[in-house]
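Observations on the model geometry
Here is what each chain is made of, one letter per residue.
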Amino acid sequence: MKNKKPTIAAAFANPVDRKLVVDYLSGLGYDLVEFSGEGVPPADLFILDVPCARRLGRQVIELKKRADVFLPAMIALGSRDPVEPWLDAGFDDSLRMPLIKAELKAKVAILLRLRRQSRELAQKGEERYRAIFEATGTATIVVAEDATILMASQECLRVTGYSPGELVGTKWTDYVAPDSLEELLKYHKARREHPEKAPNQYEIKLVD
């Protein structure tokens, strides 16, 4: 199976500049997507000129902050535009217009390689965490603040009768007997707010 081509979102106020960038990057084998009235499109790399960055840059940077892996953004500057404010705002690199194709090609390749490496490291970290998680030999779950089960070990099947696939996405509170729920909620809150006050172990009743 071939690897999916990287997707680049380009936004240029000058249609001539945009066509030049889009045509060149498309010719290099990248998929190009446009910004629309619906906001920031999903992409592996964002390239915006200054007018578009003033309008859309904040949304792009917020998306970068929420991303699980490195999500690069590049600012296209005029000959006299200072670069420091944009780097301080969260952009990762810059290029100068009029476009130097060799510079664009090299910078895009570097940023996309960093994104790919970031994704690979995150995947390896997740696999390592999963191996450690399963190696505990106990029924273990990872839960979100709202009580949703995010991960469950295989041992949960023996203890609860539910497989990890059945547990993930449900609320752990659904499996606790009513006479144990109030106490467990108290411990759950303490574990998040004052971990030292929560007991390391305790007994509860589960529903059949």
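Calculation rules
- Residues numbered from 1 in each chain as written.
- Predicted model: local features only at pLDDT ≥ 70, side-chain atom pairs only at ≥ 80, totals over all residues.
- Heavy atoms only, no water.
- Patch = residues over 30% accessible without salt bridge, like charges linked within 9 Å, V, L, I, M, F, W, Y side chains within 5 Å.
- Areas by Shrake-Rupley, 256 points an atom, 1.4 Å probe, with all protein chains shown as cover.
- Salt bridge = Lys/Arg side-chain N within 4 Å of Asp/Glu carboxyl O.
- Helix = DSSP H or I, 4+ residues; strand = E, 2+ residues; numbered from the N terminus.
- Buried < 20%, exposed > 50% of the residue type's maximum accessible area, 1.4 Å probe, protein only.
- Pairing = 2+ DSSP bridges.
- Axes fitted to C-alpha atoms, helices over the stretch in contact; angles between N-to-C directions.
- Contact = heavy atoms within 4.5 Å.
- Expected span 1.5 Å × (residues − 1).
- Phe/Tyr/Trp six-rings, centres within 6.5 Å; stacked < 30°, edge-to-face > 60°.

We now examine a nonpolar patch on the surface. A cluster of nonpolar side chains, contributed by Val159, Ile204 and Leu206, occupies part of the molecular surface with about 220 Å² of accessible area. Mapped onto the secondary structure, Leu206 falls in the segment after helix 7 (178-193). Assessed through its relative accessible area of 38%, Leu206 is described here as partly exposed.

Here we come to the sheet that holds strand 4 (residues 73-77). Across the sheet, five strands lie side by side as 2-1-3-4-5; this open sheet has parallel pairing. This sheet does not close on itself; its edge strands, each paired only once, are strand 2 (31-33) and strand 5 (93-96). Taken over all neighbouring pairs, the strand axes of this sheet differ in orientation by 25° on average, direction set aside. Both strand 4 and strand 5 contribute to a ladder of four bridges, which runs parallel. What sits directly across from Ala76, in strand 5, is Leu95. The sheet contacts of helix 2 (residues 50-66) involve strand 1 (7-11), strand 3 (45-49) and strand 4, and relative to strand 3 the element is tilted by about 155°. Against the sheet, helix 4 (residues 101-135) touches strand 1, strand 3, strand 4 and strand 5, its axis set at about 170° to strand 5.

Moving on, we come to helix 4. In this model, helix 4 (35 residues) spans 51 Å end to end at C-alpha, consistent with the 51 Å of a helix rising 1.5 Å per residue. Among all positions of helix 4, only Leu104, Lys107, Val108, Leu111, Leu112, Arg115, Ser118 and Phe133 are buried.

Right, let's get into helix 2. Between its first and last C-alpha atoms helix 2 spans 23 Å; for 17 residues at 1.5 Å apiece the expected length is 24 Å, and the two agree. Three or more residues of helix 2 are buried, namely Val50, Cys52, Ala53, Leu56, Gly57, Val60, Ile61 and Lys64. Of the surrounding elements, those touching the buried residues of helix 2 are strand 1, strand 3, strand 4 and helix 3 (84-89).

Turning next to the pairing of strand 7 (residues 149-152). Relative to strand 7, strand 6 (residues 141-143) runs antiparallel, the two being bridged by three bridges. Residue pairing across strands places Ile141 opposite Ala152, the latter belonging to strand 7. Linking strand 6 back to strand 7 in an antiparallel pair, the connection comprises five residues, with Ala147 at a positive phi of about 85°.

A full pass over the atoms with the stated rule returns three aromatic pairs. Look at Trp86 and Phe91: their rings are 5.8 Å apart centre to centre, the planes differ by 85°, and that puts the pair in the edge-to-face class. The class for Trp86 is buried, based on a relative accessible area of 16%. Residue Phe91 is classed as buried on the basis of its relative accessible area of 4%.

Pairs may arise between side chains of opposite charge once their charged atoms sit close together. Enumeration over the complete set of coordinates arrives at 10 salt bridges. The partner of Lys19 in a salt bridge is Asp23, with the nearest N and O atoms 2.5 Å apart. Here Lys19 and its partner Asp23 are both found in helix 1 (residues 15-27), four residues apart, which amounts to about one turn of the helix. The exposed category is assigned to Lys19, whose relative accessible area is 53%. Note on Asp23: relative accessible area 41%, which makes it partly exposed. Lys107 is paired through a salt bridge with Asp93; the nearest N and O atoms lie 3.3 Å apart. Placement of the pair is Lys107 in helix 4 and Asp93 in strand 5, with a sequence separation of 14 residues. Several salt bridges converge on common partners, so that one network encompasses Asp44, Arg115 and Arg119.

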